[in-house]
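# Descriptive structure summary
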Amino acid sequence: MSNSSSITHFLLLPFADTRELQLWHFWLFLGIPLAALLGNDLIITSTACDQHLHTPRYFFLLNLSLLDLDCISTMVPKSMANSLWDTRDISYTGFVAQLFFFHFFISAEYSLLTIMSYDRYVAICKPLHYGSLLGSRACVHMAAAAWGAGFLTALLHTADTFSLPLCGGNAVEQFFCEIPHILKLSCSHSYLREVGLLVLSCLLALGCFVFIVGSYVQIFMAVLMISSEQGRHKAFSTCLPHLAVLSLFVSTGTFVYLKPPSFSSPSLDLVLSVLYSVVPPVVNPLIYSLRNQELKDAVRKLVTGCVSAAIHCLLSSAKGSQCRS
């Protein structure tokens, strides 16, 4: 039996036992963050550089992209490194930091998604009040509240989780630091306090989900009143994918944190964790850009400008070389 004060490192769950599968996992997880990096960076740069996108909607989208990048950067690189170097180790400090930052970014992202649903509700259902309800100051305050809520949630859970005595060893049955798997290592009934906090957090998350669904119901009702069939199709094709990814995020995340121990298995936990922690940051840029003509035009303008600048630079360098020769 080990005590939490004597633990210097933890052992994370490997994705595979054979070297070949470990390398396949490395290359797969290398592609995932690169796709998330490319998609979210394009959104961030386009939104920041294009004056036409300096609106509340794209301000919140920029914050969402930042959170997506931060979230996927918290646990995927360490998992990749472990697969590449055939190890399971993570230091105690790194383990604590991973738990804190993951819950910080994931909680802030969920809060921001709730705010974004309110933004769409006001824009479609109360367009005349949009400027007064979502002014620049109000948007900054709401975004700051989302980041602040994520920080406080992460701080509370991290402090409470690692105040528990850990006597069940240091092997965690997950590829990153997840609270339910840490609680399995606790040898004190004090873990029920953290379980209570998790239940409260999940209930708040479900309350936000009800608010989001209610907002979209109001949006759908307003959209049905649009006379243009093309307008209705565009609105539905934009909103439904948002709800699909959000439902996947909430359902899998809630099940991971509230499921009874009898339903627990390493393979099931692994799949569910990937669905709520890795998939949304990769899919969000596609969902929020494919059906958005303004954003697609801004991205196209940005890429075209970068390519033109690169070609001009190469031509200038070639002319300079010819002149020197």
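The following refers to the structure shown. Along each chain, residue indices are assigned from 1 in the same order as the chain's sequence is written. Two thresholds apply to this predicted model, a pLDDT of at least 70 for residue-level local features and 80 or more for giving and counting side-chain atom pairs, whereas whole-chain, interface and lining totals are computed over all residues. The basis for the side-chain values is all heavy atoms of the structure; hydrogens and waters are excluded.

### Concerning the packing of helix H2 (residues 56-85) against helix H5 (residues 136-161)
Between N-to-C directions, angles cover 0 to 180 degrees, with each direction set by a line fitted to C-alpha atoms, over the stretch in contact for helices. Under the scheme used here, helices are H or I runs from DSSP no shorter than 4 residues and strands are E runs no shorter than 2 residues, and both carry numbers assigned from the N terminus. The contact between H2 and H5 brings their axes to 10 Å, and the two run at 20°. On the basis of the axis angle, H2 is roughly parallel to H5. Crossing handedness for the pair H2 and H5: right-handed. Each of Pro 56, Phe 59, Phe 60, Asn 63, Leu 66, Leu 67 and Asp 70 in H2 lies in contact with H5, whose residues at this interface are Cys 139, Val 140, Met 142, Ala 143 and Trp 147. Polar here means any residue other than Ala, Val, Leu, Ile, Met, Phe, Trp, Tyr, Cys and Pro, which are nonpolar, and Asp, Glu, Lys and Arg, which are charged; Gly is therefore polar. Of the residues belonging to the contact of H2 with H5, the class tally is ten nonpolar, one polar and one charged. Should an angle fall under 35 degrees it is taken as roughly parallel, and over 145 as roughly antiparallel, whereas 65 to 115 is taken as roughly perpendicular and any remaining angle as oblique. Note on convention: near helix rotated counterclockwise from far helix by under a right angle means a left-handed crossing. Clockwise means right-handed. Any two residues whose heavy atoms approach within 4.5 Å are treated as being in contact.

### Some details on the layout of surface pockets
The rolling of a water-molecule-sized probe over the atoms marks out the regions of remaining empty space. Put simply, the grid is 1 Å and covers the protein atoms alone, a cavity is a trapped set of points that fit a 1.4 Å probe, a pocket is an open set with protein on both sides within 12 Å along at least five of seven lines, and lining residues have an atom within 4 Å of a point. Grid points are joined across faces, edges and corners, and a volume is the space filled by probe spheres set on the points. Estimated volume of the largest pocket: approximately 570 Å³. What lines the largest pocket is a set of 24 residues, among which Ser 107, Tyr 110, Ser 201, Cys 202 and Ala 205 lie closest to the centre. Taken together, the elements giving at least two residues each to the lining of the largest pocket come down to helix H3 (92-125), H5, helix H7 (191-224) and helix H8 (229-258). Top element by residues in the lining of the largest pocket is H7. It accounts for eight residues. Broken down by class, the residue content of the lining of the largest pocket amounts to 16 nonpolar, eight polar and no charged.

### Some thoughts on empty space enclosed by the protein
Considering all chains together, one arrives at one cavity of 30 Å³ or more under this definition. When its volume is computed, the largest cavity comes out at roughly 280 Å³. If you go around the largest cavity, you meet 22 residues; those closest to its centre are Leu 113, Met 116, Tyr 216, His 242 and Tyr 288. Among the elements of the structure, H2, H3, H7, H8 and helix H10 (279-290) are those that each provide at least two residues to the lining of the largest cavity. Of all the elements, H3 adds the most residues to the lining of the largest cavity, at six residues. Looking at side-chain class alone, the lining of the largest cavity contains eleven nonpolar, six polar and five charged residues.

### As for unusual backbone geometry
Phi angles above zero are rare outside glycine, and Asp 86 is one such case at about 55°. Mapped onto the fold, Asp 86 is located in the loop between H2 and strand S2 (89-91). Any residue under 20% of the maximum accessible area for its type is buried, any over 50% is exposed, and the rest in between are partly exposed; the area is computed with a 1.4 Å probe on protein chains only. Its relative accessible area of 49% is what places Asp 86 among the partly exposed residues.

### Some thoughts on the packing of H3 against H5
Two quantities define a packed helix pair, namely the angle between the helix axes and the distance between the axes. The geometry of H3 relative to H5 is characterised by a closest axis approach of 7 Å and an angle of 145° between their N-to-C directions. The interaxial crossing formed by H3 with H5 has right-handed handedness. Contacts from Val 96, Leu 99, Phe 100, His 103, Phe 104, Phe 105, Ser 107, Ala 108, Ser 111, Leu 112, Ile 115 and Tyr 118 in H3 reach Met 142, Ala 146, Trp 147, Ala 149, Gly 150, Phe 151, Thr 153, Ala 154, Leu 155, Thr 158 and Thr 161 in H5. Looking at the contact of H3 with H5 residue by residue, the classes come out as 16 nonpolar, seven polar and no charged.

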